[in-house]
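Residue-level listing of the chains:
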Amino acid sequence: MKLKDKVALITGGSSGIGRGICHAFAKEGAAVVFVGLSEQKGKRTEEELLKLGCNALFIQADLADRSKLPSIVEMVIERFGKLDVLVNNAQSSINVTFEETTEEVMDLALNTGFWSTFILMNSALPYLKLTKGKVINFVSGAGMIGLSKQASYAAAKEAIRGISRVAATEWGRYGINVNLISPIANSPGVERLQVEHPNAYNKMVSLIPLGRLGDCEEDIGRAAVFLASSDADYITGQTIMVDGGTVMVR
Ligand SMILES: NC(=O)c1ccc[n+]([C@@H]2O[C@H](COP(=O)([O-])OP(=O)(O)OC[C@H]3O[C@@H](n4cnc5c(N)ncnc54)[C@H](O)[C@@H]3O)[C@@H](O)[C@H]2O)c1
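Residues numbered from 1 in each chain as written. Predicted model: local features only at pLDDT ≥ 70, side-chain atom pairs only at ≥ 80, totals over all residues. Heavy atoms only, no water.

If you look the protein chain up in an unreviewed UniProt entry, it shows as SDR family oxidoreductase from Neobacillus citreus.

In structure tokens form, the structure reads like this:
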């Protein structure tokens, strides 16, 4: 029970990697609050977590609505009285070429990924100071490598990496750890890629040295458990590649 008595807030927890993290955290004893867009998917995941004996709460919210973000943190405090772990996992984006990237396309990626991460981190800071908490933000090899048709996604993800390292520097004095996970896993987002952009999907899978897509709970969720636990107390400002070796090994 590596996360016994911990309270975690996870964005995009209804499906994919976020859902995998919710399950992994629940099995390690954490109380789990997660945010999602779809009422139906959120309720379904909440049911699954309650069945595991987890103290779970689903908050339906559009993370692109900046004005609502501070109230999400307040809901966690109202219900559980504290916050130990913030996981910024949610992200939306559209894959188009650089020249097709309109301001609307850029706004979607920045609002759902970058702005929600930045505002939730600042809203959570007073509470994370009290618990010497942990922040885990999600980034992507697509941003590091500069994959084609990912300008808005790359912008959001590398902006998240930049502010996370600054926060790691500034918040170390409070005992707060800020780390990043760069995953590859078989989420619905990747399944959509397989249908909509089969060439990009096939290329991605062929470049994974470990020869398979990661599992949302067993691979990515477990890595997040490690970063959220006291086992990672001396790790901060790091990008942990949980991608089967894709970016660093060729
Ligand atoms: N799956 C991969 O292989 C992969 C690779 C690199 C990076 N990532 C990153 O990992 C994270 C999770 O990826 P995934 O594949 O599970 O994604 P996904 O698209 O399957 O799920 C994203 C989640 O974010 C939520 N979300 C999106 N926009 C939202 C909004 N406006 N308000 C509330 N919730 C919103 C969705 O409802 C969903 O639950 C993302 O940050 C993604 O960029 C994933």
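Asks: How should I be thinking about the pattern of salt bridges in this particular structure?
Replies: Opposite charge on two side chains permits them to pair, given that their charged atoms come into close proximity. Going through the model one piece at a time under the given rule, you end up with 11 salt bridges. Linking Asp-65 and Lys-68 is a salt bridge whose minimum nitrogen-to-oxygen distance equals 3.3 Å. When its relative accessible area of 28% is taken as the criterion, Asp-65 is described as partly exposed. (Salt bridge = Lys/Arg side-chain N within 4 Å of Asp/Glu carboxyl O. Buried < 20%, exposed > 50% of the residue type's maximum accessible area, 1.4 Å probe, protein only.)

Asks: I keep staring at the site of the ligand and nothing clicks. Help me out?
Replies: Of all residues adjacent to the ligand, which total 27 residues, the nearest are Asp-62, Asn-89, Tyr-153, Lys-157 and Ser-187. Between the ligand and Ile-17 there is a distance of 2.9 Å, counted from an oxygen atom to a backbone nitrogen or oxygen. The separation between an oxygen atom of the ligand and a polar main-chain atom of Ala-185 is 2.9 Å. In the complex, the protein chains occlude 89% of the 830 Å² of accessible area that the ligand would expose alone. For the shell around the ligand, the secondary-structure elements that each account for two or more residues are α1 (16–27), α6 (151–171) and α7 (188–196). The element contributing the most residues to the shell around the ligand is α7, with four residues. By residue class, the composition of the shell around the ligand is 14 nonpolar, 10 polar and three charged. (Near = heavy atom within 4 Å. Polar contact = N/O pair within 3.5 Å; in protein donor to acceptor, adjacent residues only side chain to side chain. Areas by Shrake-Rupley, 256 points an atom, 1.4 Å probe, with all protein chains shown as cover. Helix = DSSP H or I, 4+ residues; strand = E, 2+ residues; numbered from the N terminus. Nonpolar A, V, L, I, M, F, W, Y, C, P; charged D, E, K, R; others polar.)

Asks: Please explain the pairing of strand β2 (residues 31–36) as it appears in this structure.
Replies: The side chains of a regular strand alternate between the sheet's two faces. In terms of burial, β2 is a largely internal element, six of the six residues being buried. What you see with β2 is no split at all: Ala-31, Val-33 and Val-35 on one side and Val-32, Phe-34 and Gly-36 on the other are buried throughout. Where strand β1 (residues 7–11) and β2 come together, five bridges link them in parallel fashion. When the bridges of β2 are listed, Ile-10 appears paired with Phe-34. Handedness of the crossover is the feature at issue here: the chain leaves β1, passes through α1, returns alongside β2, and the resulting connection is right-handed. Two strands pair when backbone bridges link them, and β2 and strand β3 (residues 56–60) are joined in this way by five bridges, in the parallel orientation. In the strand pairing of β3, Val-33 is matched with Leu-57. Read from β2 through helix α2 (residues 39–51) to β3, the crossover connection turns out right-handed. (Pairing = 2+ DSSP bridges. Right-handed = clockwise from strand over helix to strand, strands pointing away.)

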